[in-house]
Every structure is written in structure tokens, then in C-alpha cells.
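# Observations on chain architecture
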Amino acid sequence: MPGPTPDRPTFHPVADHALMVEFGDTIADDIHAAVLRLDRALTRTPVPGVTEAVPAYASLLVDFDPTLTDHALVRAALTALLVTATDTPATPTLRHVDICYEADCAPDMDAVTHLTGLSRDAVIAAHLAGDYRVYMYGFAPGYAYLAGIPPELRLDRKPAPVRGVAAGTVLIAGPQCLVSTVTMPTGWWRIGTSPTAILLDDPARPFLFDIGDNVRFRRITLATLHATKAPHG
């Protein structure tokens, strides 16, 4: 059976209250564009009984109230949206994230240089040159998953996670990058520290990023980091 594509997604029931719409199985711009296209269409034309839509890299999870509708009705409504919806994507906002690569701010830098065969300066230059985009939120509050790590920096996750990784740690693994927002374990590689606030004290806008935003990292010194307040959470 053919797998899902941006033009021909597949639908999968999730418990009795959700439907997963899958557009592919890789991180790719055309796949994610299809996810966001359906998400925007659903926002413009609400489906009765649908309570929430959660976009990810290659899928859209559509939650609904099972006392008001069911999988078949939601699937039919989403299929109609896919056929009829037209879309003009919004211009993405460019967000800047400060990062310090010095000393203890980047505890895995030596390991990354060893595994990639790059010098420290080359690792930093490659990371700063990355073309990052916010693809999804997940795992923890404000955890914005950014795709766009340059190929030369793409490393598998560590065999075992490290505990107690602080909020504000800039992490990479595979083609992805993120800035942690809470202290927790991770198997990703710690290459820097950021004072940029991701969690915002605003109920109307709890996080810095919107899905689809572009992100550029901006290098700062250790002195600047220490002088900057870091309200990550």
C-alpha cells in the first residue's frame, strides 16, 4: 500500500477522540507545508465538534469531542477541506536567538568536534549558518523543534541521556535543533547556552515562536550572557 504524500495523506484514528492526518514520514518542506495548509484551512473553516489541531513535522493531529462527532464525520470534513481549500501562506517571522558557545556553555563541544571532524570554530560557523524553521512544539512547554541543522553537524543522539540539563541550553541531534525551556534530561548534544526568553509571561502569547517562523542564531560573549537576564521558566 502506498505511503502518505502531501497530495494524498492518510488518516488514522487515535483513541475515540482524535484523527491523525499523515502527509509523509520525513522532515521536508513540501510535507510540512501541506500540514500547515490543512491547519490553516481548519482554522478558517471550523469543523463541528473539532476542539484542537496540533501540527507536527509530517502530520496534523485533529482532536474532537466524541459526544458531538466521530472519526468518519471528521475525516469527511477534512477530506473536503483538502480538496477545496486554497491557501496563501503567511510570511514567516524571523526570530533571533542569542547563543554563547564559550567554556561551560557548551559542555559537549569537544565531543561534537571529535565526532564531526570539524574544529571548534568550524562547528560554531556551521551552526550559525544554519537555516532554521520552527516545525512543531512538543515534549515540554515551549520546546520548539527547529529543522535546518547543516549536514556536517548531524549526529545521532547520545546512547544515554544526561540528567539535569538546564533551561536555555542549545541542543542538536540529527537535522534538528532546539533551546530547552526547563531543566530535564536529554540525549541531544549541548553546544551552547542562550539567554533568549522562549517562555513568555503572556497568556495570549505563551511562547516566542509561531509554527513556521524562521530562526537565526546570533553569537554573544560570555560577559554578555552573564549580563543578560534569562527568564526561561
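Higher on the page you've got the structure.
Overview of the structure. The structure displayed is predicted, hence computed values, not measured ones. (Residues numbered from 1 in each chain as written. Predicted model: local features only at pLDDT ≥ 70, side-chain atom pairs only at ≥ 80, totals over all residues. Heavy atoms only, no water.)

## Let's talk about the environment of Phe11
Tracing the chain through its elements places Phe11 in strand S1 (residues 10–14). With residues near it in sequence (within four places) discarded, Phe11 still touches Leu19, Met20, Val21, Arg75, Leu78, Thr79 and Leu82. (Helix = DSSP H or I, 4+ residues; strand = E, 2+ residues; numbered from the N terminus. Contact = heavy atoms within 4.5 Å.)

## A few points about the sheet that holds strand S10 (residues 176–179)
If you trace the seven strands from one edge of the open sheet to the other, you get S5-S13-S6-S7-S10-S9-S12, paired in mixed fashion. Looking along the sheet, the strands with just one partner apiece sit at the ends: strand S5 (94–99) and strand S12 (189–193). Between one strand axis and the next, the sheet turns through 35 degrees on average, direction left out of account. Bridge analysis of S5 against strand S13 (residues 214–219) gives six bridges, and the strand direction is parallel. (Pairing = 2+ DSSP bridges. Axes fitted to C-alpha atoms, helices over the stretch in contact; angles between N-to-C directions.)

## Examining the pattern of salt bridges
For the structure shown, the criterion picks out eight salt bridges. With its nearest N and O atoms 3.6 Å apart, the salt bridge here joins Asp29 to Arg133. In this pair, Asp29 is assigned in helix H1 (residues 29–44) and Arg133 in strand S6 (residues 132–137), connecting sequence segments 104 residues apart. A relative accessible area of 46% places Asp29 in the partly exposed class. Here Arg218 and Asp98 are joined by a salt bridge, their closest N and O atoms 2.8 Å apart. (Salt bridge = Lys/Arg side-chain N within 4 Å of Asp/Glu carboxyl O. Buried < 20%, exposed > 50% of the residue type's maximum accessible area, 1.4 Å probe, protein only.)

## What about the packing of aromatic side chains?
How two aromatic rings sit relative to each other is set out by the distance from centre to centre and by the angle between their planes. Enumeration over the complete set of coordinates arrives at five aromatic pairs. For the pair Phe139 and Tyr143, a centre-to-centre distance of 5.8 Å together with 45 degrees between the ring planes defines the contact as tilted. (Phe/Tyr/Trp six-rings, centres within 6.5 Å; stacked < 30°, edge-to-face > 60°.)

## Focus on the packing of H1 against helix H2 (residues 71–84)
Here H1 crosses H2 at 110 degrees, and the two axes come no closer than 10 Å. Here H1 is positioned roughly perpendicular relative to H2, judged by the angle of their axes. Facing Leu38, Ala41 and Leu42 of H1, the residues of H2 in contact are Leu78, Leu81 and Leu82. Of the residues belonging to the contact of H1 with H2, the class tally is six nonpolar, no polar and no charged. (Parallel < 35°, antiparallel > 145°, perpendicular 65-115°, else oblique. Nonpolar A, V, L, I, M, F, W, Y, C, P; charged D, E, K, R; others polar.)

## What about the pairing of strand S4 (residues 59–64)?
A large share of S4 lies buried, amounting to five of its six residues. In this sheet, S4 lies alongside strand S2 (residues 18–22) in antiparallel orientation, the contact comprising five bridges. From the neighbouring strand, Ala18 faces S4, where its bridge partner is Asp63. Pairing geometry for strand S3 (residues 50–55) and S4, over five bridges, is antiparallel. By the bridge assignment for S4, Ala53 is matched with Val62.

## Remarks on the packing of helix H3 (residues 109–116) against helix H4 (residues 120–129)
Running from N to C, H3 and H4 cross one another at 90 degrees; their axes reach a closest spacing of 9 Å. The orientation of H3 with respect to H4, classified from their angle, is roughly perpendicular. Taking contact as the criterion, the partners of Met109, Asp110, Val112, Thr113 and Thr116 in H3 are, on H4, Arg120, Val123 and Ile124.

## Remarks on the pairing of S6
Of all six residues that make up S6, five are buried, and the element is covered over most of its length. Across two bridges, the pairing between S6 and S13 is antiparallel. What sits directly across from Tyr132, in S13, is Val215. With four bridges joining them, S6 and strand S7 (residues 144–147) adopt antiparallel strand pairing. Bridge assignment links Arg133 to a residue of S7, and that residue is Ala147.

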